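The residues making up each chain are set out below.
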Amino acid sequence: MSKPTLGYWGLRGQAECIRYILRYTGIEWNDNQLELTMEQFNQYFGVDKPAMFERGFQLANLPYLEDGDVKLTQSVAICRYLARKHGLAPSSEAELQRCDMAEQEVMDYRTGYARLCYDPNFDEKKEEYLKNLEKKLTAFNRFLGDGPFILGSKICYVDFMMYEYLSQVKALAPDHFKDKDNINKALAAIEALPQLKAWFNSEEYKKPRYINSPNSKFPGLGL
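Residues numbered from 1 in each chain as written. Predicted model: local features only at pLDDT ≥ 70, side-chain atom pairs only at ≥ 80, totals over all residues. Heavy atoms only, no water.

A.B. asks: Help me out: how do you make sense of helix 3 (residues 75-85) in this one?
C.D. replies: One turn of the α-helix equals 3.6 residues, which is why residues spaced by three or four share an orientation. All of the buried residues along helix 3 are Ser75, Val76, Ile78, Cys79, Tyr81, Leu82 and Ala83. At its buried positions, helix 3 is contacted by helix 1 (16-25), strand 3 (64-67), strand 4 (70-73), helix 4 (93-117) and helix 6 (157-172). Gly87 sits one or two positions beyond helix 3 and adopts a positive phi of about 75 degrees. (Buried < 20%, exposed > 50% of the residue type's maximum accessible area, 1.4 Å probe, protein only. Helix = DSSP H or I, 4+ residues; strand = E, 2+ residues; numbered from the N terminus. Contact = heavy atoms within 4.5 Å.)

A.B. asks: Sorry if this is basic, but what is going on with the packing of aromatic side chains here?
C.D. replies: Remark: the centre distance and the inter-plane angle together describe each pair of aromatic rings, the angle taken between the planes. Counted according to the given criterion, the structure contains 14 aromatic pairs. With 6.2 Å between their ring centres and 20 degrees between their planes, Trp9 and Phe41 make a pair best called stacked. Taken together, the residues Trp9 in strand 1 (residues 5-9) and Phe41 in helix 2 (residues 38-51) connect sequence positions 32 residues apart. What makes Phe41 partly exposed here is its relative accessible area of 38%. (Phe/Tyr/Trp six-rings, centres within 6.5 Å; stacked < 30°, edge-to-face > 60°.)

A.B. asks: Would you mind going over the packing of helix 4 against helix 5 (residues 122-144) with me for this structure?
C.D. replies: When two helices pack together, their arrangement is given by the angle between their axes and by how far apart the axes lie. Following both chains from N to C, one finds helix 4 and helix 5 inclined at 165 degrees, their axes separated by 10 Å at the closest point. As far as their axial angle goes, helix 5 and helix 4 are roughly antiparallel. The hand of the helix 4/helix 5 crossing is left-handed. Along the contact surface, helix 4 presents Arg98, Met101, Ala102, Glu105, Val106, Asp108, Tyr109, Gly112, Tyr113, Leu116 and Cys117, while helix 5 presents Phe122, Lys125, Lys126, Tyr129, Leu133, Lys136, Leu137, Phe140, Phe143 and Leu144. (Axes fitted to C-alpha atoms, helices over the stretch in contact; angles between N-to-C directions. Parallel < 35°, antiparallel > 145°, perpendicular 65-115°, else oblique. Left-handed = near helix turned anticlockwise from the far one by under 90°.)

And the structure:
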């Protein structure tokens, strides 16, 4: 059986949470990271993206996942698929409801953060963003409770989304996390997972990597 292939730009962006799920499962997979060059940009949008339909994708986008006959785009759809396949999905209606809420809340963090980082008026809008961020983090800290995961002691796919997207926000606004004990506990719990020990100790993890595009107002390189 062929290895699953994840395709995305050579940055964290919307694919790193998927990479964390794949690392956690322990399966072998191909990490197809596209170079952050104008040549690769033109190649993808001019040739590779239109050709995705011929390869069997129903929608063409990045990130994408090819896993045998399964061909998916959209980061949340990929996370959900991997969760169902590898035992990281909620198993009751109550768990599903809590995961659904957390998933969408976490995506709100990513959306707001990315909107700011790619805004030409980044400096002018950052102050208002941080005011709203403080309110959202306080509410989410309360939502998590004792944790350490979203479902208490049971880990699910949304925990990896939470870890990555809140880590991205934390790189921009570290002071807003200092008193968020439950959030910090949840982030530390992911880093303490035995399945991810090799990754967090690896030279690859320690290398500076872009969170966002180098052309954004906050690339996040080295954070």
